[in-house]
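# Structural overview for review
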Amino acid sequence: MDIQVLIIGAGPTGLTLALDLHRRGVPFRIVDASAAPFAGSRGKGLQPRSMEVFHDLGVIEPVLASGRLDMTMRAYNGREMVREWDMHEGRHPTTERPYARTMLIPQFRVEQILREAFPQPVEYGMPLTSFTQDDSGVTAVVGGQTVRAKYLVGCDGGKSFVRKELGVSFVGETHEDQRMLVGDVRLSGLDRDHWHQWGGRPDRWLALCPLPGTDLFQFQAAGDGDPSLELYREIVRDRTGLDDVVVHDATWMSVYRTNIRMVDRFRVGRVFLAGDAAHVHSPAGAQGMNTGIQDAYNLGWKLGMETLLDTYETERKPVAEWLLGMTTAIMSSGRPFERRGDETLQLSLSYRTEDGPGLRPGDRMPDGTVGQERIFDLLRGPDFVTLDLPDGPVLVRPDGYVAAIGRSAIDAYFGANPVTQLHHRRVAAGTAA
């Protein structure tokens, strides 16, 4: 066996998985068919739950330094500002929720931070052209090389080669009549402290959002035609009515068509699907990049320990189903930039198997303090952790969700999943032992 895990695709999903496997010492390769890292912004919203993931993975500091949490929206009629609002008004960090708002950060910067966090290089220009699997592993041909791995994970986007080769259905619909022109542009005439919007009608909508840490704005507009610098300039002139807002150049341009689909299976034998390879949806609500990050975070420890692999689908598929419904509802509302509900922060997502009050197995473990220590700092790392809290012990999974509460339930969990006890440490109140 050459490696334990072969990761196909080096977007946020594949890179998060690679970083998690790296910290576990799990042999892997991560390959991408593209010749170089993707240079466009695509997603630009990082949700609080993803920030908690990055805290655990040790990359939250450069993420916080690269993004922005406090950008307000402005709507205009020509030069006149007709409204200003904050989608996250009233949301502030608390002890249990240290990250309270969606962060604006371009996807390419998130990917760069993740790439720089592990020493093994991404192998670009290495397309997957075929694979087969048997009872002990997967044999893949990547960039003309034959690779043998225990597991293969397709993180290769909405047009996933892995998904198509598996013959997994991608159920849903594409709305060809719902188009959005997108791109990253350099322009003058607008401040970089607000997310600017024009258009009283849906077909004249235009939004220009500064991308933190860059000199770029993300361009989003309803419209027909093929993306081009000339078209984007024309749209800006026409819809703003301003001669002094000038588009100078573009580093990336594309067209988005509303595509709402998900797979009927997240796993076929030793091959898994994650991120856009498993689910695509409306961009409303800034969920896609985040859901892929959390697919990877759910799967990484299970691949590393080679346990509970069937629970990847049983836990993540309902999340994908919810995601498609929620983002479609936001887009269909006609007011996708109004105040967002708490569900978009992804802090309330749970893998519960039974209802009830208070903290339950399957819930996200909230932050807080144990003695003088922050809970999230005590949990940081690749292990299961038993927190000996004043009300009794709580066993927390490596992905920050509660596995069991109370000594007898913890013993039963380890009894049913013995390999997990080999990757376990216990933290008594007031210590980090």
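Bear in mind that the values here come from a model prediction, so they are computed numbers and not experimental data.

## Digging into the nonpolar core
With 69 residues, the main nonpolar core has Leu6, Phe54 and Leu303 as its most contacted residues. Per-element tally for this core: the top contributor is helix H7 (residues 288-305), with six residues. Once residues within four sequence positions are removed from consideration, Phe54 is found in contact with Thr16, Leu46, Val59, Ile60, Val63, Val110, Leu114 and Ile293. Formed by 19 residues, the second largest nonpolar core is a distinct cluster that contains Leu190, Trp198, Phe217 and Tyr232.

## Some details on the packing of aromatic side chains
Under the definition given, this model contains eleven aromatic pairs. Aromatic side chains Phe272 and Tyr312 sit 6.1 Å apart centroid to centroid with 70° between the ring planes, which places their arrangement in the edge-to-face category. Of this pair, Phe272 sits in strand E17 (residues 271-273) while Tyr312 sits in helix H8 (residues 311-332); the two residues are 40 residues apart in sequence, bridging distant segments of the chain. Tyr312 shares its class with Phe272; the two are buried. An angle of 90° between the planes, with centres 5.3 Å apart, marks the rings of Trp301 and Phe384 as edge-to-face.

## A word on the pattern of salt bridges
Per the stated rule, a full pass over the model turns up 30 salt bridges. Residues Arg267 and Asp310 are paired through a salt bridge, measuring 2.5 Å at the closest nitrogen-oxygen approach. Here Arg267, found in strand E16 (residues 267-268), pairs with Asp310, found in the loop between H7 and H8; they are 43 residues apart in sequence, far enough to count as distant. Here Arg425 and Asp383 are joined by a salt bridge, their closest N and O atoms 3.4 Å apart. Note that Arg425 is positioned in strand E24 (residues 424-428) and Asp383 in the loop between helix H9 (375-379) and strand E21 (384-389), a separation of 42 residues in sequence. Linked through salt bridges whose partners overlap, the residues forming this network are Asp20, Arg23, Arg24 and Asp56.

Analysis parameters
- Residues numbered from 1 in each chain as written.
- Predicted model: local features only at pLDDT ≥ 70, side-chain atom pairs only at ≥ 80, totals over all residues.
- Heavy atoms only, no water.
- Core = buried A, V, L, I, M, F, W, Y, C linked by side-chain atoms within 4.5 Å.
- Buried < 20%, exposed > 50% of the residue type's maximum accessible area, 1.4 Å probe, protein only.
- Helix = DSSP H or I, 4+ residues; strand = E, 2+ residues; numbered from the N terminus.
- Contact = heavy atoms within 4.5 Å.
- Phe/Tyr/Trp six-rings, centres within 6.5 Å; stacked < 30°, edge-to-face > 60°.
- Salt bridge = Lys/Arg side-chain N within 4 Å of Asp/Glu carboxyl O.

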